[in-house]
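Fold and geometry: a report
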Amino acid sequence: MDRPNYITPAGYAALRAEYDTLFATERPALVETIAWAAGNGDRSENGDYIYGRKRLREIDRRLGWLSKRMKAAKVVDPSRQEDRTRAWFGATVTVADEDDRERVLTLVGDDEADAGAGRVGWNAPIARALRGAAVGDLRRVELPAGLREYEVTGISYPAG
């Protein structure tokens, strides 16, 4: 990876929980089902066996991906941010567009981004534009809908 995988403590905990669930619960149960299905004879028409092997490959692929992401993760606690006057990782930023419509965005790790909930990945275009911004700054962002300009109207961080 060419850039750090910044993530909040809560985001890391979510990755870890998914990994633990897949590894300790789902995978062993699936291996047991596959072993049972394999003992039933002809595997070529055995749906439990065929589906089980396919699902096992999916789980192993996901476990590999989660493992790599957790290994590359750099956990950053936003509540410990010293410069709270500017938008850095973990900041909740309120912006207003040209039509005075306000949006509240929280700058989080790419693995925990959820646009519908207002959590924007650290490497998303709007997050890159807001990095280092202070209240009152104007920032231009190239979005799929075209060039937009936003004014930063508020910045906050979680309490430490």
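Notes on the structure in this doc start here.

Basis of the calculations
- Residues numbered from 1 in each chain as written.
- Predicted model: local features only at pLDDT ≥ 70, side-chain atom pairs only at ≥ 80, totals over all residues.
- Heavy atoms only, no water.
- Helix = DSSP H or I, 4+ residues; strand = E, 2+ residues; numbered from the N terminus.
- Expected span 1.5 Å × (residues − 1).
- Bend = angle between axes of the 7 residues up to and from the residue.
- Buried < 20%, exposed > 50% of the residue type's maximum accessible area, 1.4 Å probe, protein only.
- Contact = heavy atoms within 4.5 Å.
- Polar contact = N/O pair within 3.5 Å; in protein donor to acceptor, adjacent residues only side chain to side chain.
- Pairing = 2+ DSSP bridges.
- Axes fitted to C-alpha atoms, helices over the stretch in contact; angles between N-to-C directions.
- Parallel < 35°, antiparallel > 145°, perpendicular 65-115°, else oblique.
- Left-handed = near helix turned anticlockwise from the far one by under 90°.
- Nonpolar A, V, L, I, M, F, W, Y, C, P; charged D, E, K, R; others polar.
- Core = buried A, V, L, I, M, F, W, Y, C linked by side-chain atoms within 4.5 Å.

So, helix α1 (residues 9–38)
In an α-helix, one turn spans 3.6 residues, which is why side chains three or four residues apart end up on the same side. For α1, with 30 residues, the first-to-last C-alpha span of 42 Å sits near the 44 Å given by 1.5 Å per residue. The largest bend in α1 is about 35°, located at Leu22. Residues of α1 that are buried: Gly11, Leu15, Tyr19, Leu22, Leu30, Ile34, Ala37 and Ala38. The inward-facing, buried residues of α1 abut β1 (5–7) and α2 (47–72).

Overview of unusual backbone geometry
The phi angle at Asp100 is positive, at roughly 60°, despite the residue not being glycine. Residue position: Asp100 is located in the loop between β3 (92–96) and β4 (102–108). For Asp100, a relative accessible area of 66% puts it in the exposed group.

Some thoughts on the side chain of Asn123
Mapping Asn123 onto the fold places it in the loop between β5 (119–121) and α3 (125–130). In this structure the side chain of Asn123 is engaged in a polar contact, spanning 2.6 Å, whose partner is the side chain of Asp110. Setting aside chain neighbours within four positions, we find Asn123 in contact with Arg3, Asp110, Arg128 and Arg131.

Observations concerning the sheet that holds β5
The strand order across the open sheet built from 5 strands is β5-β4-β3-β7-β6, with neighbouring strands paired in mixed fashion. Looking along the sheet, the strands with just one partner apiece sit at the ends: β5 and β6 (138–143). Neighbour-to-neighbour, the strand axes of this sheet turn through a mean angle of 45°, independent of strand direction. Here β3 pairs with β4 via 5 bridges, running antiparallel. When the bridges of β4 are listed, Thr94 appears paired with Val104.

Comments concerning the packing of α1 against α2
Running from N to C, α1 and α2 cross one another at 155°; their axes reach a closest spacing of 9 Å. Classed by the angle they form, the pair α1 and α2 counts as roughly antiparallel. Crossing of α1 over α2 shows left-handed handedness. Split by residue class, the contact of α1 with α2 holds 17 nonpolar, 2 polar and 10 charged.

Remarks on the nonpolar core
With 19 residues, the main nonpolar core has Val93, Val95, Leu107, Ile126, Leu130 and Val152 as its most contacted residues. Looking at this core, the elements that each hand over two or more residues are β3, β4, α3 and β7 (146–156). With 4 residues, α3 is the single largest residue contributor to this core. By size, the runner-up hydrophobic cluster in this structure holds 15 residues, among which are Leu30, Ile34, Leu56 and Ala73.

Don't take any of this as a statement about function, it's just geometry.
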